[in-house]
Structures are given as C-alpha cells and as structure tokens.
Amino acid sequence: MTVHEAQAPANSHVLADIRRVFASGRTRSLDWRLQQLRGIERLCDEREADIAEALAADLGRSAVEAWLGDVASTKAEAVFARKHLRKWLARQRVSLPIAQLPGRAWIQYDPLGVVLVIGPWNYPFYLLMAPVVAAVAAGNGVVIKPSELAPATSALVARLVPQYLDTDAIRVVEGDAQTTQDLLAMGFDHALFTGGTEIGRKIMTAAASTLTPVTLELGGKSPAIVAADADIEVTARRLAYTKLINSGQTCIAPDYVLVDAAVADELVAKIVANIAEYRSAPSLPIVNERQFDRLTTLIATTSGTVVTGGGSEHAGLRIEPTVIVDPSPDDAVMSDEIFGPILPIMRVKSSSAAVEFVNSRPKPLALYVFTKNSSAARDIIDRTPSGGAVVNHAMMHCLVPQLPFGGVGASGMGAYHGKWGFEALSHRRAVLAKPSRPDPSIVYPPYSDRALKLMRKLF
C-alpha cells in the first residue's frame, strides 16, 4: 500500500496499522527480516535501469553514478546485513558479580517498534533505503518518507517498494515538509533523518514533542588537509574525482582544501587538470533553481581567485566545476556548506595550522588527511574531531558497512550502516535470570548487624 500526499487523511492510520502488525510479532522473526533484506537485493538487481532513469530525471545523474552511488551501495548494505544478521541477533552472555550468583545474564537486541525514515534529495534512493535495511534487520515496521525534491525517485520508491517488501509492515508516504511534520507528530519509536543541519534542527524539535529518539545524518564543511609530503598526483586525482561525483551534491564531499604552502601550486594545477579530464561536459547539473542561485552567489561573492570554471547556465541550471584559490576565511564559500561543484583551496603554513583552522569551526561530518606519514595522519585525526575520517582518499568510508557512519556536533548524532545500524534501531535490552532458590533470608529486612556486615562485603 502506498499513501500519497493527496490522501493525507489516510496518513493518520498508517502508524496504527503498522503497530498492529508489529504487535502480532510478524516482524520479529529471523525469516521475516531475511525476506525483506532479500527483497531489497532483488529490487536493486531487477530495477537498476528504472532507478537510474529516475535519478537522471531528478538529478541529471549518469547511469554509472546511479549504479555506484545508489544501487550498488544499497545492495551491499542489504547483502552484508543478511549475511551477518543471525550472529547479530545472538544473545550476548555476560558475567555476574559474586553477589548475583547463582544466575545468568545476557544482552539481547529487541526491535524498537515502528521506525520513520526520512530521505534526502541528493542520493534519494541509497540514503532512503540503506536506513530501511537497518530498520528491517532490527525487526521493525517502517514508514518511508522520500524527498519531495526528487519527485521521480519518490514516485518510483512508492511504486516499487510494495512489490518487493511486506506491504503491511513497510509503507511509503509521499508528501512535502508538512507531511514530514505530520508524521513526526504521530510519535514513532525512532526517526532517522538525512539532510541539512537546519532541517535537522526542525526534525529534532518536532520529534521532541513525542519523545521520539532521532538519528540525524546531517552535513557540514568536510575539510581535506594536504601535508607537504603527500603524493600530490594521487591526492589531486582523488580530490577532483570525489568532488565532482553527483555535481558535488554529496554530504561527505571534500568541501574545502587546506594545503601546505610548499606544495599548493602543484596541487592546484593538478586538480585543475584532473577536473578537465574527468568532466564529460563543460558544466554540471544542479538539482533546482534555489540551489543554483545559492551556488552562483558563492562564486560571485568570493574574494579568492577563480582558477578554473566559474561560469554557469541559468536556463539549464548548470555550473562549471570551479576551483577558488585563497578565499578569505570569512567568505560565504568558506562558511556555508557548499554542496556543489565548487572547491576552495587555501594555503596554510603547516598541518598544525590546518588543524587549528578546522577546530575553530563547527565539527565536520568527515575529515580527509593526505600524507605519506601514517603517524602524522593519526596525529591530525586525533587532534581534529569529525564524524568520520579517511587517510589518502575521500568519501570511501561511507561504502564500508563494517564502519559506523554518522556525524558529531552540528554534523549529526547517531550512526548507522552494518551492525551499527542494526544496533541503532534496536533496543539493547539487559536481562538477568535468577533461580527461585537458594533464597537466603539475610538479604531481607529487618537486618541484623551480622547481616549488614556480610552484605557490605558482598555488595
């Protein structure tokens, strides 16, 4: 069943309907969870072309980027969860202090209930369905809210999900921001939102009224720090490549570069050369006019030097990949999350100066460190907080299901992917099992002096 915005009154019944299914125990079984994970795998395998077509309509994304960024990554999450789920579900025995013997204790992971997943527009399939993987692996019912800013993908998800997943326990609700607020007001057992920091604040505020726990995957300016000893050729290639993916509209894209002044000119030249080699067209598509206007303003108002790109085409909402050298730290391009094909590069005196600069700003979602010295890389990471970090590459940690993915501070709260997603959307439940006997009277009042002395030793 799909609930559309035009059927808004029906939305009020969605949560109650799924709660009844959850209460029946259907979603708790291992078989049900595995069936849903296999369904997501089949969806990715059988509908790749349809997904790519929707992403092209919404974002102008190529079929290759659609496969890598949305389809393959989603399937990998589902496959990983399916292969490891039985182990994740196993009770974890824990030892007991002597005062609690005889007895047994364990930790078990129980489903939370019904989870609300709110997706973004920039990776409108992957960042919607990967949280669904975590939710069903944990045995929850799910309400899926796609982004209205990616309408073709939203409609596709609404059409396809009922064909592959349990239509009673997993439903899609399409609509605008008001629909999201209406859903949050119902009071879910958890809400997972991916999007911008400002909208994340609104999600958290709305969730607070019903004490709904939230996982917020937000954004922030993810810096790349390039040391003097970095392999400049490889560094330039990887920065240019990751910056241009999805026209730079990626929450973990390298947002700006802090490079040691000794190698800055060489790095800039090689990044510019790689951008020219990678791009198949002079300009890249931007999702909508609002984002286009914001990005062109960042370029127009910078005090830095535009060394490549800078041009745009309003009619087609396209912007040339743009590299800006040495903008003022106060420029909007250095204070606002860019989320587009613009790369500011600033010279710094040393890696320590780069660390100081990053730490003077809100904590980023990701940190990228380029150096041949592994000890120096660890030192920079240890001194610079971020949601995640990568040495000698960018963005790749998102594709590793064994690693938790999430932000810190303004870049988000909570993490998911792999086992971390399963745990985030489960209740980690403590269980202590005691036999009826022995049942020594010493633990019950009234307490004698002798009993109290013994209890003090035991407890």
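Cut-off values and rules
Residues numbered from 1 in each chain as written. Predicted model: local features only at pLDDT ≥ 70, side-chain atom pairs only at ≥ 80, totals over all residues. Heavy atoms only, no water. Salt bridge = Lys/Arg side-chain N within 4 Å of Asp/Glu carboxyl O. Helix = DSSP H or I, 4+ residues; strand = E, 2+ residues; numbered from the N terminus. Pairing = 2+ DSSP bridges. Axes fitted to C-alpha atoms, helices over the stretch in contact; angles between N-to-C directions. pLDDT = per-residue confidence, 0-100. Contact = heavy atoms within 4.5 Å. Buried < 20%, exposed > 50% of the residue type's maximum accessible area, 1.4 Å probe, protein only. Right-handed = clockwise from strand over helix to strand, strands pointing away. Parallel < 35°, antiparallel > 145°, perpendicular 65-115°, else oblique. Left-handed = near helix turned anticlockwise from the far one by under 90°. Nonpolar A, V, L, I, M, F, W, Y, C, P; charged D, E, K, R; others polar. Patch = residues over 30% accessible without salt bridge, like charges linked within 9 Å, V, L, I, M, F, W, Y side chains within 5 Å. Areas by Shrake-Rupley, 256 points an atom, 1.4 Å probe, with all protein chains shown as cover. 1 Å grid on protein atoms, 1.4 Å probe; cavity = no way out; pocket = protein on both sides within 12 Å on 5 of 7 lines; lining within 4 Å. Points joined across faces, edges and corners; volume = space filled by probe spheres on them. UniProt positions renumbered as here; feature names shortened; annotations may be inferred. Expected span 1.5 Å × (residues − 1).

- For the protein chain, the name recorded in an unreviewed UniProt entry is Aldehyde dehydrogenase, with Mycobacterium pinniadriaticum as its organism.

**Overview of the pattern of salt bridges**
Inference 1: Here the structure, examined in full by the defined rule, presents 21 salt bridges.
Inference 2: Arg429 is paired through a salt bridge with Asp110; the nearest N and O atoms lie 2.8 Å apart. One end of the pair, Arg429, is in strand S22 (residues 426–433); the other, Asp110, is in strand S3 (residues 104–111), with 319 residues separating them in the sequence.
Inference 3: Taken together, the shared-partner salt bridges in this structure form one network comprising Asp17, Arg20 and Arg171.

**Comments concerning the sheet that holds S3**
Inference 1: Here we have three strands laid out as an open sheet, ordered S2-S3-S22, and antiparallel in their pairing. With partners counted over all chains shown, the strands left at the sheet margins are strand S2 (92–94) and S22, one partner each. Along the sheet, successive strands turn relative to each other by an average axial angle of 30°, direction set aside.
Inference 2: Strand direction decides the pairing type here: S2 and S3, joined by three bridges, are antiparallel. Bridging from a neighbouring strand, Arg93 pairs with Trp106 of S3.

**Some words on the confidence of the model for the protein chain**
Inference 1: Averaged over the protein chain, the pLDDT score is 95; the fraction of residues at 70 or greater is 98%.
Inference 2: Segment residues 1–9: pLDDT under 50, and 21 contacts once partners within four positions in sequence are set aside and those in other chains are kept.

**Here we look at the pairing of strand S8 (residues 214–217)**
Inference 1: Residue alternation in S8 divides its side chains into two sets, Val214 and Leu216 and Thr215 and Glu217, and both sets are buried.
Inference 2: Taken together, the four bridges between strand S7 (residues 190–194) and S8 define a ladder with parallel strand orientation. Looking at the pairing, Phe193 lines up with Leu216 of S8.
Inference 3: In the classification by handedness, the crossover that spans S7, the intervening helix H8 (residues 197–208) and the parallel S8 is right-handed.

**Concerning the packing of helix H2 (residues 30–46) against helix H5 (residues 126–137)**
Inference 1: For the pair H2 and H5, the least separation of the axes is 9 Å and the interaxial angle reads 160°. Between H2 and H5, the angle is such that the two are roughly antiparallel. For H2 against H5, the interelement crossing comes out left-handed. Contacts between H2 and H5 involve Trp32, Arg33, Gln36, Leu37, Ile40 and Leu43 from the former and Met129, Val132, Val133, Val136 and Ala137 from the latter.
Inference 2: Here the contact of H2 with H5 is composed, by residue class, of nine nonpolar, one polar and one charged.

**Digging into the side chain of Gln36**
Inference 1: Note that Gln36 resides in helix H2.
Inference 2: The residues contacting Gln36, other than those within four sequence positions of it, are Val136, Leu165, Asp166 and Ile170.

**A closer look at a nonpolar patch on the surface**
Inference 1: Taken together, the side chains of Ile98, Leu101, Val443, Tyr444, Leu454, Leu458 and Phe459 present a nonpolar region at the surface, about 690 Å² in accessible area.
Inference 2: Tracing the sequence through the fold places Phe459 in the segment after helix H16 (449–458).
Inference 3: On the accessibility criterion, Phe459 (62% relative accessible area) is exposed.

**Concerning the layout of surface pockets**
Inference 1: There is about 1300 Å³ of room inside the largest pocket.
Inference 2: Lining of the largest pocket is provided by 46 residues; of these, Gly195, Gly196, Thr197, Glu198 and Ile199 occupy positions nearest its centre.
Inference 3: Mapped by element, the contributors of at least two residues to the lining of the largest pocket are helix H7 (177–186), S7, H8, helix H11 (289–301) and helix H12 (332–335).
Inference 4: For the lining of the largest pocket, the element with the highest residue contribution is H8, accounting for six residues.

**Thoughts on empty space enclosed by the protein**
Inference 1: This model, assessed by the stated rule, comprises one cavity of 30 Å³ or more.
Inference 2: Size it by volume and the largest cavity reaches roughly 50 Å³.
Inference 3: Lining the largest cavity we find Glu77, Phe80, Ala81, Trp88, Ala130, Val133, Ala134, Ala137, Gly418, Gly421 and Phe422.
Inference 4: Listing elements by their share of the lining of the largest cavity, those giving two or more residues are helix H4 (63–89), H5 and helix H15 (418–424).

**Regarding the UniProt feature "active site" (unreviewed entry) in the protein chain**
Inference 1: Taken from the UniProt record, the annotation "active site" (unreviewed entry) applies to Glu217.
Inference 2: In this fold, Glu217 is placed in strand S8.
Inference 3: Under the relative-accessibility criterion, Glu217 is labelled buried at 2%.
Inference 4: Apart from the residues lying within four places of it in its own chain, the contact partners of Glu217 are Phe193, Thr194, Gly195, Phe405, Gly406, Gly407, Ser411, Gly414, Ala415 and Tyr416.

**Describing H5**
Inference 1: Taking 1.5 Å of rise per residue, the 12 residues of H5 would be expected to cover 16 Å, and the 16 Å separating its terminal C-alpha atoms lies within 8% of that figure.
Inference 2: For H5, a buried count of 12 out of 12 residues is recorded, marking the element as mostly surrounded by other parts of the structure.
Inference 3: Buried within H5 are the following residues: Tyr126, Leu127, Leu128, Met129, Ala130, Pro131, Val132, Val133, Ala134, Ala135, Val136 and Ala137.
Inference 4: Count one or two residues on from H5 and you reach Gly139, which has phi positive near 85°.

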